[in-house]
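# Fold and contact review
Take a look at the letters that make up each chain.
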Amino acid sequence: MPMRISRVVALTLLLTACENRPDNAVLAEAEQRAAAEAVDDGRIECAIDGESNFTRDCYTERLSGEGGVTMIIRHPDGGFRRFNILTDGHGLEAADGFDKASVSIVEDGKILVSVGPDRYLLPAQIKSNAKTATESGQPEEPAQAGN
């Protein structure tokens, strides 16, 4: 990913150098693109093996197949978890193993996925008509998604 960011910046600098004058708007746009790509580098916050603090050390990748989309979350120690991305509004379900995934909305645009001793903060598109447990008057329990 850093290679792609540096290519964008280098290309922009080359193009502006050809005109013998810097174009600040082009440079600002390239910097914005590079910053957006750096944020969207596939890293997520995670707390592995019961850790209490989240770190941005896990990586995600998505694989599309006949059965739908699978997300793989890779841990810094080499371990990983696989999840099926559900299209019915329930988020994710564990794709393998015996632990079920617990999914809860933690803030606008983020969900907390817990499986066994591992927890992940993931970006999510949350439907505006979906109510959280506290809004509906029910006790707050995370939505269950399992395999």
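Cut-offs applied
Residues numbered from 1 in each chain as written. Predicted model: local features only at pLDDT ≥ 70, side-chain atom pairs only at ≥ 80, totals over all residues. Heavy atoms only, no water. Salt bridge = Lys/Arg side-chain N within 4 Å of Asp/Glu carboxyl O. Helix = DSSP H or I, 4+ residues; strand = E, 2+ residues; numbered from the N terminus. Buried < 20%, exposed > 50% of the residue type's maximum accessible area, 1.4 Å probe, protein only. Pairing = 2+ DSSP bridges. Contact = heavy atoms within 4.5 Å. Phe/Tyr/Trp six-rings, centres within 6.5 Å; stacked < 30°, edge-to-face > 60°.

What follows deals with the pattern of salt bridges. For the structure on display, the rule yields four salt bridges. With its nearest N and O atoms 3.0 Å apart, the salt bridge here joins D118 to R81. Of the two residues, D118 sits in strand 8 (residues 118-123) while R81 sits in strand 4 (residues 80-85), which places them 37 residues apart along the sequence. The exposure class of R81 is buried, given its relative accessible area of 19%. Here D96 ties to R82 by a salt bridge, and the two come within 2.8 Å at their closest N and O atoms. Taken together, the positions of D96 in the loop between strand 5 (92-94) and strand 6 (101-107) and R82 in strand 4 put the pair 14 residues apart, joining distant regions of the chain. The class for R82 is partly exposed, based on a relative accessible area of 31%.

Attention shifts here to the pairing of strand 7 (residues 110-115). Of all six residues making up strand 7, five are buried, and the element is well covered by its neighbours. Pairing of strand 7 with strand 8, which is carried by six bridges, proceeds in the antiparallel orientation. Bridged to L112 within strand 8 is L121. Hairpin connection between strand 7 and strand 8: a loop of two residues separates the two successive antiparallel strands, and G116 in this loop has a positive phi of roughly 55°.

Attention now goes to the environment of N53. You can see N53 is positioned in the loop between strand 1 (43-47) and strand 2 (55-65). Excluding residues within four positions of it along the chain, N53 makes contact with C46 and A47.

On inspection of all chains with the given rule, the structure shows one aromatic pair. Summarising the aromatic geometry, the rings of F83 and Y120 are spaced 6.0 Å apart at their centres and angled 80° between planes, so their arrangement reads as edge-to-face. Taken together, the residues F83 in strand 4 and Y120 in strand 8 connect sequence positions 37 residues apart. With a relative accessible area of 0%, Y120 lands in the buried category.

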